[in-house]
Amino acid sequence: MRQKFFVLGISALIINAVIYYYFNIGLLFMVILIVLLIVGFANASQHKHAILRNFPVLGYFRYLFEMIAPEIQQYFIERSTDGKPFSRNERSLVYQRAKNIDSSTPFGTQLNLNQPHYEGIKHSIFPAIVNEELPRILIGGSDCTQPYSASLLNISAMSFGSLSENAIVALNKGAQQGKFYHNTGEGGLTQFHQKGGDICWQIGTGYFGCRDDRGGFDGGRFTEKANLPEVKMIEIKLSQGAKPGHGGVLPAAKNTIQIAKIRGVLPHTTILSPPSHSAFQDIKGLIDFIAKLRELSNGKPIGFKLCIGDTREFEMICQEMIAQNCFPDFITVDGAEGGTGAAPLEFADGVGMPFEPALIFVNKTLVRFGIRDKIRIICSGKIISGYYILRAVALGADICNSARGFMFSLGCIQALRCHNNTCPTGVATQDKMLMKGLVVTDKAERVYHFHKNTLHSANELLAAAGKNNFAEVDINIFMRGDEFAHLSDLYFPDNLKSVRKH
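Residues numbered from 1 in each chain as written. Predicted model: local features only at pLDDT ≥ 70, side-chain atom pairs only at ≥ 80, totals over all residues. Heavy atoms only, no water.

Draft legend 1. Up close: the overall build of the chain. Within the chain, the secondary structure is distributed over 17 helices and 14 strands. Counting only C-alpha atoms and orienting by the principal axes, one finds that the chain spans roughly 95 × 85 × 45 Å. Relative to its 502 residues, the chain shows a buried fraction of 46%. Relative to all contacts within the chain whose residues are 6 or more apart in sequence, the contacts with residues 24 or more apart total 69%. Accessible area for the chain stands at about 25,100 Å²; split by element, carbon and sulfur atoms hold 59% of it. Here the chain holds 51 positive side-chain charges and 44 negative ones, and the gap between their average locations is 6 Å. (Helix = DSSP H or I, 4+ residues; strand = E, 2+ residues; numbered from the N terminus. Buried < 20%, exposed > 50% of the residue type's maximum accessible area, 1.4 Å probe, protein only. Contact = heavy atoms within 4.5 Å. Areas by Shrake-Rupley, 256 points an atom, 1.4 Å probe, with all protein chains shown as cover. Lys, Arg positive; Asp, Glu negative; His and termini not counted. Charge placed at Lys NZ, Arg CZ, Asp CG, Glu CD.)

Okay, here's the thing in structure tokens:
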């Protein structure tokens, strides 16, 4: 193809030059041919890209199509029930509830329900009255002197840096209006989080916001921020579902001077948080650290977040809690399918336990050790609707966090550009021009409405199951598709016998 390009290109240039010489036309076309030949020669001479070397100029179309492939997939190929991590129908549901408009769907389900993986709620023929009051849960054990009444649905951990300042402000203002908490993410507590909403301050391995000059934990700086009135809870991040065992990642393109100053790092460099904490090195140290943070925060709820890996380690944590008689006020369970702004593919696809088995395991383990009543379980992992909230509670959760659901409420279109600073909606970028597209006042309202309408839908489903409050919910209100096969085994043989008799 390279030889054909130059033969045809030079031939066309010669023909065009002759036409221009005799008829004085075609100058512009001749200039274009010369430019293309120069570019083609540069392509054929370079050694980095085989496609361009073998297909001069034409090879650029490959990169063009690769660049717009997500848009082609989303707008021209993807069906309403397709799309990963979230389908078009799921995203549309969030958009409609965030805009506070009708979210009903026409003509019936588009899903294949008669299959083994189907899950559904066992409704009652005597449904309860729908509770208009949104549910709240008290967080705080016996050692907690400042317990916090939390909403059933809250904003999961997303750092300033991963998200834009406009996105953080809109989330916090929405949280203030809806009276639910906003998790800071491991990037630290910033001025953009302090707009009136309740805060769950996450302490990661980088200790951003409470970091000393060597990158370790600074108790003095922690105490100063932990005792701010808007900080209601503190969460120690052990691991994250999307990249457990790796540590946080902030690409250099998103590490602005402003963010670097807040985090105490060099700007325009990729920030890789350590995979483990330096403030403690073992399970005993973790429990000691929980007690230390509780003391420094004057008794505020302290918990930790993890993605389950080796189940024996979590059992050992439970044993150490009992041995020291020191318990976290909450444990946040993050599923391996959880979201992230940036993660290595191997970690996102192949490390950690998924949401459902992890939540079941943590709940049953705490019950087995006799300490379930001392600890609240918070869960996070693709929770964007009332159905998923009810399902999470049935699996053992007390409280739900959602990250990508609230991102959709801000206008996220699942463009999958969170990691390269080119988010087109201004949600996950530090580009000032793109950020201007996200109007804080409008998006804060959408955050509020998404939260309110989603919890109302959870209340409606609760009532449909004949339950009056979420404390009555357990796994028995759900059915699975493999139960249908059992029903077939029970009833079809009888029907066949009656047919033979006739």
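Draft legend 2. Structural view of the UniProt feature "transmembrane region" (unreviewed entry) in the chain. As annotated in UniProt, the feature "transmembrane region" (unreviewed entry) corresponds to residues 28–45 in the numbering used here. Strand forms 0% of residues 28–45 and helix 100%; the C-alpha atoms that close the span are 26 Å apart. (UniProt positions renumbered as here; feature names shortened; annotations may be inferred.)

Draft legend 3. View of empty space enclosed by the protein. Counted by the stated rule, this structure contains two cavities of 30 Å³ or more. If you add up the space inside the largest cavity, you get close to 90 Å³. In terms of lining, the largest cavity is formed by 15 residues, of which the most central are Lys237, Leu238, Ser239, Gly247 and Gly248. A per-class count over the lining of the largest cavity returns four nonpolar, eight polar and three charged. (1 Å grid on protein atoms, 1.4 Å probe; cavity = no way out; pocket = protein on both sides within 12 Å on 5 of 7 lines; lining within 4 Å. Points joined across faces, edges and corners; volume = space filled by probe spheres on them. Nonpolar A, V, L, I, M, F, W, Y, C, P; charged D, E, K, R; others polar.)

Draft legend 4. Here's a closer look at the environment of Glu235. Within the secondary structure layout, Glu235 lies in strand S7 (residues 231–237). Exposure remark for Glu235: the relative accessible area of 1% places this residue in the buried category. Residues Glu235 and Gln191, spaced 44 residues apart in sequence, show a C-alpha to C-alpha distance of 19 Å. Among residues more than four places away in sequence, those in contact with Glu235 are Asn183, Cys200, Trp201, Gln202, Ile203, Gly303, Phe304, Lys305, Phe330 and Thr332.

Draft legend 5. Just the packing of helix H10 (residues 311–324) against helix H12 (residues 355–368), in detail. At their nearest, the axes of H10 and H12 sit 10 Å apart, and the two run at 35° to each other. In this structure, the crossing between H10 and H12 has a hand that is right-handed. Here Thr311, Phe314, Glu315 and Cys318 of H10 come into contact with H12, specifically with Phe361, Val362, Thr365, Leu366 and Arg368. Residue composition of the contact of H10 with H12, by class: five nonpolar, two polar and two charged. (Axes fitted to C-alpha atoms, helices over the stretch in contact; angles between N-to-C directions. Left-handed = near helix turned anticlockwise from the far one by under 90°.)

Draft legend 6. Broad picture of the domain arrangement of the chain. The assigned domain composition of the chain is domain 1 (1–77) and domain 2 (121–481). Taken together, the five residues of domain 1 in the interface contact four residues of domain 2. Here domain 1 and domain 2 share an interface that buries about 290 Å² over both sides, 27% of which is from carbon and sulfur atoms. Its largest share of buried area at the contact with domain 2, domain 1 owes to Pro70, Glu71 and Gln74, together 78% of the area lost on that side. Run the count over domain 1 and domain 2 and you get zero salt bridges. The residue inventory of the side of domain 1 that touches domain 2, partitioned by class, reads three nonpolar, one polar and one charged. (Domains from an automatic or database assignment. Buried area = accessible area lost by both parts, 1.4 Å probe. Salt bridge = Lys/Arg side-chain N within 4 Å of Asp/Glu carboxyl O.)

Draft legend 7. Spotlight on the pattern of salt bridges. Taken as a whole, this structure holds 17 salt bridges when the rule is applied. Among the salt bridges present, the one from Asp288 reaches Lys284, with a minimum N-O distance of 3.1 Å. With Asp288 and Lys284 both in helix H9 (residues 283–296) and four residues apart, the pair spans about one turn of that helix. The shortest N-O distance in the salt bridge between Glu315 and Arg368 comes to 2.9 Å. Here Glu315 is found in helix H10, whereas its partner Arg368 is found in helix H12, with 53 residues between them in sequence. The exposed category is assigned to Arg368, whose relative accessible area is 53%. In this structure, a network of salt bridges that share partners links the residues Glu119, Glu356, Arg391 and Arg480.

Draft legend 8. Focus on the UniProt feature "domain: Glutamate synthase" (unreviewed entry) in the chain. Here the UniProt feature "domain: Glutamate synthase" (unreviewed entry) sits at residues 151–468. The distance from the first to the last C-alpha atom of residues 151–468 is 17 Å, and the span holds 39% helix and 14% strand.

Draft legend 9. Just the nonpolar core, in detail. Ranked by size, the top nonpolar core spans 103 residues in total, and within it Trp201 and Phe314 carry the most contacts. Residues contacting Phe314, with those up to four places away along its chain left out, are Phe304, Leu306, Ile308, Ile331, Phe361, Val362, Thr365 and Leu366. (Core = buried A, V, L, I, M, F, W, Y, C linked by side-chain atoms within 4.5 Å.)

Draft legend 10. Layout of helix H1 (residues 2–23). For H1, spanning 22 residues, the distance from its first C-alpha to its last is 31 Å, which sits close to the expected 32 Å at 1.5 Å a residue. Where H1 is concerned, the buried positions are Phe5, Gly9 and Asn16. The buried residues of H1 occupy an angular sector of 35° when the element is viewed end-on, so they sit on one face. H1 presents Gln3, Lys4, Ile14, Ile15, Tyr21 and Tyr22 as exposed residues on the side facing more than 90 degrees away from its buried surface. (Expected span 1.5 Å × (residues − 1). Arc of directions from axis to C-beta.)

Draft legend 11. Structural view of the pairing of S7. Counted residue by residue, S7 has six buried out of seven residues, so it is predominantly covered. With respect to chirality, the unit in which strand S6 (residues 198–203) leads through helix H7 (residues 219–226) into the neighbouring parallel S7 is right-handed. Sheet analysis places S7 next to strand S10 (residues 302–306), joined by four bridges and oriented parallel. Bridge assignment links Glu235 to a residue of S10, and that residue is Gly303. (Right-handed = clockwise from strand over helix to strand, strands pointing away. Pairing = 2+ DSSP bridges.)

Draft legend 12. Representation of the layout of surface pockets within the structure. Estimated volume of the largest pocket: approximately 1,900 Å³. Forming the boundary of the largest pocket are 44 residues, of which Glu90, Leu111, Ser385, Tyr387 and Tyr388 lie nearest the centre. Of all the secondary structure elements, the ones that give two or more residues to the lining of the largest pocket are helix H5 (88–98), strand S1 (119–121), H12, helix H13 (386–395) and helix H16 (440–464). It is H5 that provides the largest number of residues to the lining of the largest pocket, a total of six residues. Partitioned by chemical class, the residues of the lining of the largest pocket number 13 nonpolar, 20 polar and eleven charged.

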